[in-house]
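# Observations on the three-dimensional arrangement
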Amino acid sequence: MTETPAFYDDLAGCLAEAWRRLEEGAAHQSGFHTPALATIGRDGAPRLRTVVLRGVDRAARSLRVHCDARSAKAAEIAADPRVSLHAYDPKAKIQVRIEGTARLHGQDAVARAAWAASRPMSQIGYATAPGPGTPLAEGGAYAQPRDDDGVEAGFAEFRVVVLTAARLEFLYLARQGHRRALFSWDGKEPAATWLAP
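In this report, we go over the structure that sits alongside the text.

Parameters at a glance
- Residues numbered from 1 in each chain as written.
- Predicted model: local features only at pLDDT ≥ 70, side-chain atom pairs only at ≥ 80, totals over all residues.
- Heavy atoms only, no water.
- Salt bridge = Lys/Arg side-chain N within 4 Å of Asp/Glu carboxyl O.
- Helix = DSSP H or I, 4+ residues; strand = E, 2+ residues; numbered from the N terminus.
- Buried < 20%, exposed > 50% of the residue type's maximum accessible area, 1.4 Å probe, protein only.
- Pairing = 2+ DSSP bridges.
- Phe/Tyr/Trp six-rings, centres within 6.5 Å; stacked < 30°, edge-to-face > 60°.
- Lys NZ or Arg CZ within 6 Å of the ring centre and 35° of its normal.
- Arc of directions from axis to C-beta.
- Contact = heavy atoms within 4.5 Å.

### Concerning the pattern of salt bridges
- As enumerated under the stated definition, the model contains 15 salt bridges in all.
- Among the salt bridges present, the one from Arg-49 reaches Glu-76, with a minimum N-O distance of 3.0 Å. One end of the pair, Arg-49, is in strand β2 (residues 46–50); the other, Glu-76, is in helix α2 (residues 72–79), and 27 residues separate them in sequence.
- Between Arg-180 and Glu-169 there is a salt bridge, with the nearest N and O atoms lying 2.7 Å from each other. With Arg-180 in strand β8 (residues 179–184) and Glu-169 in strand β7 (residues 158–172), the pair connects residues that are 11 residues apart, well separated along the chain.
- On the basis of relative accessible area, Glu-169 is assigned to the buried category, the value being 10%.

### Side note on the pairing of strand β6 (residues 94–105)
- Of the pairings in the sheet, the one linking strand β5 (residues 82–89) to β6 comprises 8 bridges and is antiparallel in character. The residue bridging Tyr-88 from the neighbouring strand is Gln-95, located in β6.
- Hairpin geometry of β5 and β6 is characterised by an intervening segment of 4 residues between the two adjacent antiparallel strands and by a positive phi of about 60 degrees at Lys-93.
- Here β6 runs beside β7; their pairing, made up of 12 bridges, is antiparallel. The residue of β7 that forms the bridge with Ala-102 is Leu-163.

### Quick notes on the packing of aromatic side chains
- For the structure on display, the rule yields 8 aromatic pairs.
- Here the aromatic rings of Tyr-8 and Tyr-172 are separated by 6.3 Å at their centres, their planes lie at 85 degrees, and the arrangement is edge-to-face. Of this pair, Tyr-8 sits in the segment before α1 (11–26) while Tyr-172 is found in strand β7, placing the two residues 164 residues apart along the sequence. Pair check on accessibility: Tyr-8 and Tyr-172 agree, each one buried.
- Measuring from ring centre to ring centre gives 6.1 Å for Trp-115 and Tyr-126, while their planes differ by 65 degrees; the resulting arrangement is edge-to-face. In this pair, Trp-115 is assigned in helix α3 (residues 109–117) and Tyr-126 in the loop between α4 (120–123) and α5 (148–152), connecting sequence segments 11 residues apart.
- Clustering of aromatic rings is evident, with ring pairs tying together Phe-7, Tyr-8, Phe-170 and Tyr-172.
- Positioned above the aromatic ring of Phe-155 is the side chain of Arg-112, whose terminal nitrogen or guanidinium carbon lies 3.7 Å from the ring centre.

### What about α2?
- Restricting attention to buried positions, one finds in α2 the residues Lys-73, Ala-74, Glu-76 and Ile-77. Angular distribution of buried residues about the axis of α2 spans 165 degrees; they occupy a single face of the element.
- The inward-facing, buried residues of α2 abut β1 (36–40), β2, β4 (62–68), β5, β6 and β7.

### Remarks on unusual backbone geometry
- The linkage connecting Ala-129 with the following residue, Pro-130, adopts the cis geometry, with an omega of -5 degrees.
- Looking at the element boundaries, Pro-130 is found in the loop between α4 and α5.
- A positive phi angle, close to 55 degrees, is found at Arg-61, a residue other than glycine.
- Backbone geometry at Gln-107 places phi at a positive 55 degrees, although glycine is not the residue there.

And the structure:
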């Protein structure tokens, strides 16, 4: 039988493990590096896409991803800030689902700091024309900047998405019995409970 991890029957331990995995994901060290982010489309339908987890602040219950101001994702968050994030690491057999609100940062100190920490390879996409999702006559019918000045121009389209968790659901898959827990913060005392898997 496989040894159970320390968090197995410990609610606080499950929450700590969830945040630890998310922090590792932001540092490119776990399967949580590329979670899926869901928004509410302008037509009311759900929209889901893979994002790159760029930062985690456990104390503030926040996660950071980046997007282009011209994207549907940015428009959807601006219209309705309710979002969900889903991360799964198949090696660890851990799933984390987060629901909360997102805030867009552009042309401010938060965006400037994130831009400065981004690699040029990541920055170049924000200076590409036309913007994301624009129909093209053929696959390569878009333009990328050819010099550093052109890449820096992409900062105008760069947005930081900061998601603040209101609910976090943790699921650990184990042969000896799964463990599922729910944590929520509604402005009062935080709540935690086990859930049937």
